[in-house]
Amino acid sequence: MTTDTSAAAALAAAAPGPDVDLFSQEFAADPFPVFDRLRRSAPVHHDPVTKLWLVSRDEDVRRVLLDPTTYRNDNALGSVLPLRLPALRILDRAGFKTLPPALFNNSTESHPVLRGPVLRLFGAQRVRAALPMIERVTHEELDLMEAELDATGRHDFARGPARTIPVRVMLELLGVPEAARADIATVADWTDAFIGLFWGRTDKDRQRELALQVADFYTWLCELAARPDAPEDSLLGALAKVRMPDGSPVPPDVAVAVCSNLMVAGHVTTSQMISTAVHRALETEGQWRALGRDPGLAEGWTEETLRREPSLTAWRRITSRPVTLGGVDLPEGAELLILFTSAGTDPEAHEEPLRICPMRAEGRAHLGFGLGRHRCPGAELARAEGRVVLGAAAARFPGLRLASADRPPFLELVSFRAPTRLDVTHTPTRTA
């Protein structure tokens, strides 16, 4: 009898497509030519390295997102490539085996129960109430940036405001008590290690280094979830009141999984979105000064970044039954990688898709936050942070420019993409 796995392999061999190295620096820095070839010649293409089917056309990506019964998200948080034994042992000693179904890997009946408190935490009303806090945190981090620029003449924006502001905002909104907070840089390192371990291609030694950080992250989250002093209006306070479909309290490992989902998504993707938006604005003639003169442009620029270069570039799904997608017959159990960046630059869905146009007519009609039942619950918070940080930085540093004409390095990960360094300098505006 032919298994589903062998059927998928046979399909892939019968219909080879363009060569794709999802982990290469060349692809990370400029994936758009590859996406163009995929959309034209192999819109559902099997990648032999990850064993994932790459779904590149906007219409097919939307079809997958709007049918969560056929295309389940159960495989979304597993390691893209197998982890080596030393890394697995480190995680096992920390009690971290696999994350139970929570938010981003949950197609069970518990998903809406767990998603409810998150939607309330990141709803439009709560985000509006948080704006003064976001603005305060932003200006405090820009103060530190200014001090370094004054002292050294250079600053790494990707490791500075873009990285620290989302961590601080997320800790505030999660209601993490001051006594339980780890150092901001440490939390950022932990979340970076998490995505590097599970979405990257690394050797044994690097996996071991990342696993040690992920183990520390998991231990901290477990201690956090076990604390009895969470504010009632915080996520942990809300989860303590939630009852699972069988009437039982939220299990500790599920509460930890929810927190890890939000810490990674709330920090990593927002941080990367800000870095990418600042990078593109600084390299586009006249755009940075325009953002400083007109704060309203920051909203449109953020939206275009989310469409053209979302920091969550792709996400996984698995078929629950045999299905035809993009002209390809897929068996049950086929694992997909739906390419949000490719969908956002599909000329069949967006006019002049590679051009950044802050006043684009379709505005939010993109897939930067997904679509349907599993659409990102923190969309409005990410938009608010992007708008505030971009507008405040451009207004405060009108003479900011990239320190080098060379292309910055980009993350070499499946599903996440942004500059890893963004060195800038500043020429103060002269006054009469």
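Anyway, here's the lowdown on the structure attached to this text. Residue positions are counted from 1 within each chain, in the order its sequence is given. The predicted nature of this model means local features are confined to residues of pLDDT at least 70 and side-chain atom pairs, given and counted, to a pLDDT of 80 or more, with totals for whole chains, interfaces and linings taken over all residues. As a rule here, side-chain values come from all non-hydrogen atoms in the structure, and water together with hydrogens is ignored.

1. Remarks on the sheet that holds strand β4 (residues 155–156)
- Read across the sheet, three strands follow the order β4-β10-β9 without closing on themselves; strand pairing throughout is antiparallel. In this open sheet, the two edge strands, each paired with only one partner strand, are β4 and β9 (400–402).
- In this description, contact between two residues means that some pair of their heavy atoms is separated by no more than 4.5 Å. In this description, a line fitted to the C-alpha atoms serves as the axis of each element, helices being fitted only across the stretch in contact, and the angle between N-to-C directions of two axes falls anywhere from 0 to 180 degrees. Here a strand is any run of E in DSSP of at least two residues, a helix any run of H or I of at least four, and the numbering for each starts at the N terminus. Across the sheet, helix α12 (residues 252–283) is in contact with β9 and β10 (423–426); its angle to β9 comes to roughly 95°. Strands pair, by our definition, only if DSSP identifies at least two bridges between them.

2. Looking at the packing of aromatic side chains
- Only the six-membered ring of Trp is used, alongside the rings of Phe and Tyr, when aromatic pairs are assigned; centres must lie within 6.5 Å, and planes under 30 degrees apart are stacked while those over 60 apart are edge-to-face, with the rest tilted. Going through the model one piece at a time under the given rule, you end up with 13 aromatic pairs.
- Plain terms: the ring middles of F194 and F198 are 5.0 Å apart, the flat faces sit at 55° to each other, and that makes the pair tilted. Of this pair, F194 and F198 both sit in helix α9 (residues 184–199), four residues apart, roughly one helical turn.
- Relative to F416, the ring of W315 lies with its centre 6.5 Å away and its plane at 85°, an arrangement referred to as edge-to-face.

3. Let's talk about the packing of helix α7 (residues 124–152) against helix α16 (residues 379–396)
- One can describe the packing of α7 onto α16 by two numbers: an axis separation of 10 Å at closest approach and a directional angle of 40°. Here α7 is positioned oblique relative to α16, judged by the angle of their axes. As for the relative orientation of α7 and α16, their crossing is right-handed in sense. Contact residues: α7 offers V127, L131, I134, E135, T138, H139, L142, D143 and E146, while α16 offers E380, L381, A384, E385, R387, V388, V389, A392, A393 and R396.
- Here the nonpolar group is Ala, Val, Leu, Ile, Met, Phe, Trp, Tyr, Cys and Pro; Asp, Glu, Lys and Arg are the charged ones; every other residue, Gly included, is treated as polar. Broken down by class, the residue content of the contact of α7 with α16 amounts to 10 nonpolar, two polar and seven charged. Every angle not falling under 35 degrees, over 145, or within 65 to 115 is termed oblique; those three ranges are roughly parallel, roughly antiparallel and roughly perpendicular. By convention, the crossing between two helices is left-handed when the near helix turns anticlockwise from the far helix through less than a right angle, and right-handed when the turn is clockwise.

4. Here we look at the packing of α9 against α12
- It is the contact of α9 with α12, at a shortest axis distance of 10 Å, that shows an interaxial angle of 90°. Relative to α12, the element α9 is oriented roughly perpendicular. Residue-level contacts link V187, A188, T191, D192, F194 and I195 of α9 to M263, V264, H267, V268 and Q272 of α12.
- When the residues that make up the contact of α9 with α12 are grouped by side-chain class, the tally is seven nonpolar, three polar and one charged.

5. Thoughts on the nonpolar core
- Only buried residues count toward a nonpolar core. Its members are Ala, Val, Leu, Ile, Met, Phe, Trp, Tyr and Cys residues joined through side-chain atoms within 4.5 Å. Between buried and exposed lies partly exposed: a residue is buried under 20% and exposed over 50% of the maximum accessible area for its type, with that area taken using a 1.4 Å probe on protein chains only. By size, the foremost hydrophobic cluster in this structure holds 132 residues, and its most contacted members are W199, V258 and W288.
- For this core, the element with the most residues is α12, which contributes 16 residues.
- Setting aside its immediate chain neighbours within four residues, V258 contacts A102, L103, L114, V118, L235 and L239.

6. What about the pattern of salt bridges?
- We define a salt bridge as a contact between a side-chain nitrogen of Lys or Arg and a carboxyl oxygen of Asp or Glu at a distance within 4 Å. Tallied over the entire structure, the rule returns 30 salt bridges.
- One salt bridge connects R364 with E380, and the closest N-O pair in it is separated by 3.2 Å. Pair noted here: R364 is in the loop between α15 (340–344) and α16 and E380 is in helix α16, with a separation of 16 residues, a long-range link.
- According to the relative accessible area criterion, R364 is partly exposed, its value standing at 40%.
- Here E380 falls in the partly exposed class, since its relative accessible area comes to 27%.
- Here the salt bridges share partners, and the residues they tie into one network are R136, E140, E141, R168 and E172.

7. A few points about the pairing of strand β2 (residues 52–55)
- Of the two faces of β2, both are covered, the one formed by L52 and L54 as well as the one formed by W53 and V55.
- Bridge count between strand β1 (residues 44–47) and β2: four bridges; the pairing is antiparallel. If you follow D47 over to β2, its bridge partner there is L52.
- From the end of β1 to the start of β2, which pair antiparallel, there are four residues, and K51 there has a positive phi angle of about 65°.
- Examined bridge by bridge, β2 and strand β8 (residues 335–339) share three bridges and lie parallel to one another. By the bridge assignment for β8, W53 is matched with L336.

8. Considering the side chain of R168
- With respect to the helices and strands, R168 occurs in helix α8 (residues 161–174).
- Classification of R168 by relative accessible area gives buried; the value is 19%.
- Excluding residues within four positions of it along the chain, R168 makes contact with R136, V137, E140, E141 and I184.

9. Structural notes on the sheet that holds strand β5 (residues 314–319)
- Spatially, five strands are ordered β1-β2-β8-β5-β3 in an open sheet, and the strand pairing comes out mixed. Strand pairing shows two members of the sheet lacking a second neighbour, β1 and β3 (71–72), which therefore form its edges.

10. Some words on empty space enclosed by the protein
- Buried and open spaces are told apart on a 1 Å grid over the protein atoms alone, a cavity being a set of points where a 1.4 Å probe fits but cannot get out and a pocket being an open set with protein on both sides within 12 Å along at least five of seven lines. Residues with an atom within 4 Å of a point are the lining residues. Grid points are joined across faces, edges and corners, and a volume is the space filled by probe spheres set on the points. Using the criterion set out here, one finds five cavities of 30 Å³ or more in the structure.
- Empty space within the largest cavity amounts to approximately 610 Å³.
- Looking at the lining of the largest cavity element by element, the count peaks at nine residues for α12.
- Looking at the second largest cavity, its volume works out to about 140 Å³.

11. Structural notes on the layout of surface pockets
- In this structure, the largest pocket spans a volume of roughly 590 Å³.
- If you trace the largest pocket, you find 27 residues lining it, with D192, I195, L411, L413 and T420 closest to the centre.
- Of all the elements in the fold, those that place two or more residues in the lining of the largest pocket are α9, α10 (204–226) and α12.
- Tallied by class, residues from the lining of the largest pocket come to 11 nonpolar, nine polar and seven charged.

Just geometry here; none of it tells us what the structure is for.
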